[in-house]
Amino acid sequence: AQKVTQAQTEISVVEKEDVTLDCVYETRDTTYYLFWYKQPPSGELVFLIRRNSFDEQNEISGRYSWNFQKSTSSFNFTITASQVVDSAVYFCALRGGNAGNMLTFGGGTRLMVKP
Amino acid sequence: DAGVIQSPRHEVTEMGQEVTLRCKPISGHNSLFWYRQTMMRGLELLIYFNNNVPIDDSGMPEDRFSAKMPNASFSTLKIQPSEPRDSAVYFCASSRDRGLAYGYTFGSGTRLTVV
């Protein structure tokens, strides 16, 4: 069985602060993919990043960075110099073959960035 | 590419009425997923189609829910009769299913309110 845990249900920061969203996963698969999605107040789910289980290289995209550590089964997401527009719910998700290729979502972390 | 198209965006109906939600996946995507999002339960997978065939409907709450995919470009999720506890946002998503590398592209969702 697959499981994704986002222990932080809600985080509040002040604009320009850095913030890290935690994601811990469980899977028996040796090959799997991890994802982050953003759900802004408008409600749509926006794909942010995909990472495969064989690539532990960290990734940076502008103010966003992701730290994948297989040893701790974690795929954390950091926003540097947060902005009010970053306010959203962020979901971590896992897709592995033993779950029929289905995407399993964590419970989400609501990030509130205050001006 | 128009993305995944869902209709209607909002639906308000009375308890006991039949509700039909519609989804047009991205052309060329051969997997289609219906999710339900509520505050209490987060994102739940209801049913998953691959090449128009239902693969896993274990998430469908009860017999009042049914889903069809008559062709590669259209799917419906029907609730009959509807109940207030069915109130939620229903998302449709599609994906290429050549391995695990592809994330899902989500529609904008249908916000269903049953009064």
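Before any of the text, the structure's been laid out above.
For clarity, every value in this text was computed on a predicted model and none was experimentally measured.

### Digging into the overall build of chain A
Point 1. In terms of regular secondary structure, chain A is built from zero helices and 12 strands.
Point 2. For chain A, the N- to C-terminal ordering of α and β elements is β-β-β-β-β-β-β-β-β-β-β-β.
Point 3. Relative to the 2.2 N^0.38 estimate, which gives 13 Å for 115 residues, the radius of gyration of chain A is 14 Å and therefore close to what a compact globule would have.
Point 4. Reported as C-alpha extents along the three principal axes, the dimensions of chain A are approximately 45 × 25 × 20 Å.
Point 5. Here chain A holds 115 residues, and the buried ones make up 49% of them.
Point 6. In chain A, 56% of the contacts between residues at least 6 apart in sequence involve partners at least 24 apart.
Point 7. In chain A, which carries 11 positive and 12 negative side-chain charges, the distance between the mean positions of the two groups comes to 4 Å.

### Topic: the sheet that holds strand β1 (residues 5–7) of chain B
Residues and elements named next belong to chain B.
Point 1. The strand order across the open sheet built from four strands is β1-β3-β8-β7, with neighbouring strands paired in antiparallel fashion. Bordering the open sheet on either side are β1 and β7 (65–71), each of which pairs with just one other strand. Within this sheet the neighbouring strands show an average axis-to-axis angle of 15°, counted without direction.
Point 2. As defined by bridge partners, β1 adjoins strand β3 (residues 19–24) across three bridges and the pair is classed as antiparallel. Bridge pairing in β3 links I5 to K24.

### So, the pairing of strand β5 (residues 32–39) of chain A
Residues and elements named next belong to chain A.
Point 1. β5 sits mainly inside the fold: eight of its eight residues count as buried.
Point 2. The two faces of β5 match: Y32, L34, W36 and K38 on one face and Y33, F35, Y37 and Q39 on the other face are all buried.
Point 3. Note that β5 and strand β10 (residues 88–96) share eight bridges and pair antiparallel. Looking at β10, one finds that F35 is bridged to A93.
Point 4. Pairing geometry for β5 and strand β6 (residues 46–52), over six bridges, is antiparallel. Across the sheet, the residue bridging to W36 is I49, located in β6.
Point 5. Counting the residues in the hairpin turn of β5 and β6 gives six residues, including G43, whose phi is positive at 105°.

Cut-offs used in this document
- Residues numbered from 1 in each chain as written.
- Chains lettered and ligands numbered in written order.
- Predicted model: local features only at pLDDT ≥ 70, side-chain atom pairs only at ≥ 80, totals over all residues.
- Heavy atoms only, no water.
- Helix = DSSP H or I, 4+ residues; strand = E, 2+ residues; numbered from the N terminus.
- Rg over C-alpha atoms; globule rule 2.2 N^0.38 Å.
- Buried < 20%, exposed > 50% of the residue type's maximum accessible area, 1.4 Å probe, protein only.
- Contact = heavy atoms within 4.5 Å.
- Lys, Arg positive; Asp, Glu negative; His and termini not counted.
- Charge placed at Lys NZ, Arg CZ, Asp CG, Glu CD.
- Pairing = 2+ DSSP bridges.
- Axes fitted to C-alpha atoms, helices over the stretch in contact; angles between N-to-C directions.

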